Every structure is written in C-alpha cells, then in structure tokens.
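The chain contents come next:
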Amino acid sequence: MPGTTLPPFPTDVPTHPLLVIDFELIKAGDPVEIDRLWEAATTLGFWYLKNHGADKIVNDMFEMGAATMALPLEEKMKFEQGDEGQSCGYKKAGATAVDANGQVDNVEFITISKDDVLAFPRVAHRTYPAPTTAAIPTVLVPFVRNGMDVNYTMLRIFNEKLGLPEGTLERLHDLEEYSSSEARVTRTPPMPGKLTADRATLGAHTDFGSLSFLHNRLGGLQVLPPGHTEWSYVKPIPSHAICNIGDALTVFSGGILQSNIHRVVPAPGAQGNFERLSLVFFTRPGNSQALRALAEDSIIIAEAVKQRPEKNFETGSTAAEWFARRAKYLRISNRKGPETWTQSRGTEHTLTLT
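Residues numbered from 1 in each chain as written. Predicted model: local features only at pLDDT ≥ 70, side-chain atom pairs only at ≥ 80, totals over all residues. Heavy atoms only, no water.

Draft legend 1. Structural context of the sheet that holds strand β11 (residues 262-264). On the basis of which strands lie adjacent, the open sheet formed by four strands has the order β6-β11-β8-β9 and antiparallel pairing. Edge positions in the open sheet fall to β6 (202-205) and β9 (232-233), since each of these has one partner strand only. Sheet topology note: the β6/β11 ladder contains two bridges and is antiparallel. Paired with His205 across the two strands is His262, which belongs to β11. (Pairing = 2+ DSSP bridges. Helix = DSSP H or I, 4+ residues; strand = E, 2+ residues; numbered from the N terminus.)

The structure is reproduced here in structure tokens:
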C-alpha cells in the first residue's frame, strides 16, 4: 500500500467530530490549547493531533510493516506472539476473537516492544522478522522516541490538571522499567462491499494502557460516544494522528480521563477495495505499577472517586497482569466460551472495573 494513490473517505457515512489539538502549542505551554486537550481527554477521550513531527518516520514505518507482512506465512510464524499474554511479535489473521461468540479477526500485525527497540542490539524480550529487525536502528528507534515525546508531553499536562505531585505519571511510566509499551503495524486485506461493512476486524474494546498515538490512511476506526447507540467513523485526516486515552489513565484518574470504546471495521466505500495498514504507538505503565486510583496523591482524584461510588477503581492488578489477562483471553486458542471474552475485557461494558 505505501505509495498507492488511495480514494477519498466517503461523504455518505456517519462520522464523529474530534477536536484538533496542535502539539507544538501544547508543548509550548499554550493555556488555551492545553484546556482544549483536557476537554477532549475528559469527554470522548479521542482527539486529532497535528504538528507532531512524525510524518516522515510514519511513512518509513509503513514501509517496514509492508515488507514484514510480505514475508511467507511460515517465516512470520517463527515470531508468533503466543498464547500466554505476550503481545510483541507477529499475530496471524484469525488468532483472536472479536466478540463473545468467538468470531475471529481477519487482521495480521507485527508488534515491537519499546524495550526491545531501546535495548537494540541487545534483546530485551524477543527477536523479530528480518525486515523489522533491520529497521530498528533507523526507523523504529526514531518512531518510538517520537511517540514517547508526544505521549509524555501529554502525561505531564494531565499530571498537572489532576493535581498530582510533579512527575507522578512519568514515574508510573518510567522508561527504565520494562513495560508493555509497543509499536504496531496492522494489515487488513481488502474487504469491499456492503456485506462486510459492519464486520468488525478488531472487536469493540478500550485500549489496554495509557495513551495511544495512531496513524491511519484509510477509514475503518469507529467510536461509540457516551450516550450513543450507533457507531460512527473517525475520518482519517492527512498528517493528523488520532490519540486516545486507555484503561490505565482512566483508573489512575478515578474516571476523570475517559477510555472510550472503539472498534475497527473495513474501510468504507471505495476505500474498502484497498489493503488497510495502520500504525500505532501504545504507551503503558511500568510492569510493576499497581492499577488503582491515585486518590491518596490528589484531592481532585479523591473527589472523583467519591462521585463514582458504583465503580471500583481498585483493580487488584499490576499493569503487567492487566495487560497479560486481556491479551491472553483474546486468543482463540484459549477460548472456552463467552466467559473467555468477558475475561479479556477492560473498563468497557461493565459498571465495575474488576
């Protein structure tokens, strides 16, 4: 797909508007733009981000992903992520469920651990296919560092807005600690026509971690805004990333920051005739960090927890345990029935988090 001329996003499908946040302004401390980011993060939990400085390296990441996906399946399967809750590595199409009925996905992806990227050439967790490995020093390192710069800038803003002691959220995402932070390129085959338009290629979910930094060229991402009963597309805009809050920040903030439910379906209209590649960097807490509301560190968070008595922000899990549970029970190999899907859930669908 890299280098291919793609059709425009159709105008006859429902879309949900997102605020456009200027990264250069929030990094410079512009108070108006920071307030707009806070509005987005505490309502829908999704926003566009422009001037993020990643356009060139995003193109290189798409090239790396396409080269990796073009390998024979037998070669890619040497690097399969496995069934024990680890995400980094290769995932073939059909390996995970997209709903409680056990419908399987039809996407493949290559996921590269932040720890492996920053440790290279030392191996922190695992090895990767040749095109991925070759790209680590020149493509993945700058992409991961850009993603961390973007996400850590936003973490510092959220830290102040939540009334937390300086550096609290950065400490929970300490670069020196291993985590499940990772970069991922996902490939969806062409799926044209109305018969597949509502077939989820990635099932409805909230994200596992803290912040997601997503780059799409074709449509397919859909959100279900609070109070809505119908899914709406998020229109991809050139040079604009899509950012969203994940479970960990929702828990840490006592529900102030919103981790909203979303899914991926085939690209709409004429875009469905093309292979869909998407790219994301996930920032997640250090593996040992307890997922619980930071009420003891912030009067603001303590009050938010008090205002939500129906929710339990004591998950009883570390970040590593939360992530591994969700990843493990998505795997079809681990499926026993609808209860397996329930075990893979995060903060979506239920009144309590545990």
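The rest of the description comes next.
Draft legend 2. Quick look at the side chain of Thr186. Take Thr186: it is sitting in strand β5 (residues 182-188). You can call Thr186 buried: its relative accessible area is 7%. (Buried < 20%, exposed > 50% of the residue type's maximum accessible area, 1.4 Å probe, protein only.)

Draft legend 3. Broad picture of the packing of aromatic side chains. By the definition in use, this model includes five aromatic pairs. With centroids separated by 6.1 Å and ring planes inclined at 50°, the aromatic side chains of Trp38 and Phe158 adopt a geometry described as tilted. Of the two residues, Trp38 is situated in helix α2 (residues 31-42) and Phe158 in helix α6 (residues 130-161); the sequence distance between them amounts to 120 residues. A residue is classified by how much of its surface remains accessible, and Trp38, at 18% relative accessible area, is buried. Given the relative accessible area of 0%, Phe158 is considered buried. Arranged with centres 6.4 Å apart and planes meeting at 85°, the rings of Trp47 and Phe158 form a pair that is edge-to-face. Of the two residues, Trp47 is situated in strand β2 (residues 46-50) and Phe158 in helix α6; the sequence distance between them amounts to 111 residues. Among the residues examined, Trp47 registers a relative accessible area of 0% and is labelled buried. Cluster of aromatic residues (ring-pair linked, three or more members): Trp38, Trp47 and Phe158. A cation over an aromatic ring shows up here: Arg184 above the ring of Phe109, its NZ or CZ 4.0 Å from the ring centre. (Phe/Tyr/Trp six-rings, centres within 6.5 Å; stacked < 30°, edge-to-face > 60°. Lys NZ or Arg CZ within 6 Å of the ring centre and 35° of its normal.)

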